[in-house]
Amino acid sequence: HWFRTRGGAIGEGMPMALGVQIAHPEDHVVSVVGDGSAMYTPTALWAAAHAQLPVLWAILNNRSYRILKQNTKQERGTGGEDRAFLGTDLIDPELDFVALAKGMGVSAQRVEDPHALGRAVTTALATGRPALIDVAIAGS
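The following refers to the structure shown. In this text the structure is predicted, and so the values were computed from the model without any measurement.

Conventions and cut-offs
- Residues numbered from 1 in each chain as written.
- Predicted model: local features only at pLDDT ≥ 70, side-chain atom pairs only at ≥ 80, totals over all residues.
- Heavy atoms only, no water.
- Helix = DSSP H or I, 4+ residues; strand = E, 2+ residues; numbered from the N terminus.
- Buried < 20%, exposed > 50% of the residue type's maximum accessible area, 1.4 Å probe, protein only.
- Contact = heavy atoms within 4.5 Å.
- Polar contact = N/O pair within 3.5 Å; in protein donor to acceptor, adjacent residues only side chain to side chain.
- Patch = residues over 30% accessible without salt bridge, like charges linked within 9 Å, V, L, I, M, F, W, Y side chains within 5 Å.
- Areas by Shrake-Rupley, 256 points an atom, 1.4 Å probe, with all protein chains shown as cover.
- Salt bridge = Lys/Arg side-chain N within 4 Å of Asp/Glu carboxyl O.

A separate point is the environment of R110. One can find R110 in strand 3 (residues 107–111). The partly exposed category is assigned to R110, whose relative accessible area is 37%. When the C-alpha positions of R110 and I59 are compared, they lie 9.4 Å apart, and in sequence the two are 51 residues distant. Dropping the residues within four chain positions of it, R110 is found in contact with N61, V98, D134 and A136. A distance of 3.0 Å separates a polar atom in the side chain of R110 from a polar atom in the side chain of E112.

As structure tokens, then:
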């Protein structure tokens, strides 16, 4: 199954996965979320650990609110290509989703090699516990 909201909202992916897991307790639930979107509702991690919901979050980490940059470019047109994007880069300090997840009782790991992702997903799902994989992706 594929679940998502309609429209252009960001931030619903982390808690939505909890509802899907509760509605389908026999299924594996994998939530694919951008790093910017994950920053809206990280408390879903604690809720999953508290209720022992075996959700797996894959955080696609490009260190920015990329969708906001894309929308801004679209609105500016070609005239705004050289202007800075204020507040859209998630750096200085960089986000540490592994530490955040572990601090809320969720096992976590960072994957930088795309060939290691399949194994990380399989391992996380096999535990039957909430887990997070911080997936490093290019910002471009």
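Across the junction of D92 and P93, the peptide omega takes the value 5 degrees, indicating a cis bond. By the secondary structure assignment, P93 is in the loop between helix 4 (66–76) and helix 5 (97–103). Not every positive phi belongs to a glycine, and Q52 is a case in point at roughly 55 degrees. Structurally, the position occupied by Q52 is in the loop between helix 3 (43–51) and strand 2 (55–61). Looking at the element boundaries, D92 is found in the loop between helix 4 and helix 5.

A few words on the side chain of Q21. Relative to the helices and strands, Q21 is located in helix 1 (residues 13–23). Those residues in contact with Q21 that sit more than four places away from it in its chain are D27, V29, L53, P54 and V55.

On to a nonpolar patch on the surface. On the surface, V30, V32, L60 and I137 cluster together into a nonpolar patch covering about 310 Å² of accessible area. On the secondary structure map, I137 appears in the segment after strand 4 (131–136). Classification of I137 by relative accessible area gives partly exposed; the value is 38%.

Opposite charge on two side chains permits them to pair, given that their charged atoms come into close proximity. A full pass over the atoms with the stated rule returns 3 salt bridges. Across the pair E94 and R63 runs a salt bridge, and its minimum N-O distance is 2.5 Å. Here R63 lies in the loop between strand 2 and helix 4 and E94 lies in the loop between helix 4 and helix 5, a separation of 31 residues in the sequence. Where D134 meets R110, a salt bridge forms, and the shortest distance between an N and an O atom there is 3.0 Å. Residue D134 is found in strand 4, and its partner R110 is found in strand 3; the two are separated by 24 residues along the sequence. Bridged by salt links that share partners, the residues R110, E112 and D134 form one connected network.

Nothing here speaks to function; it is geometry throughout.
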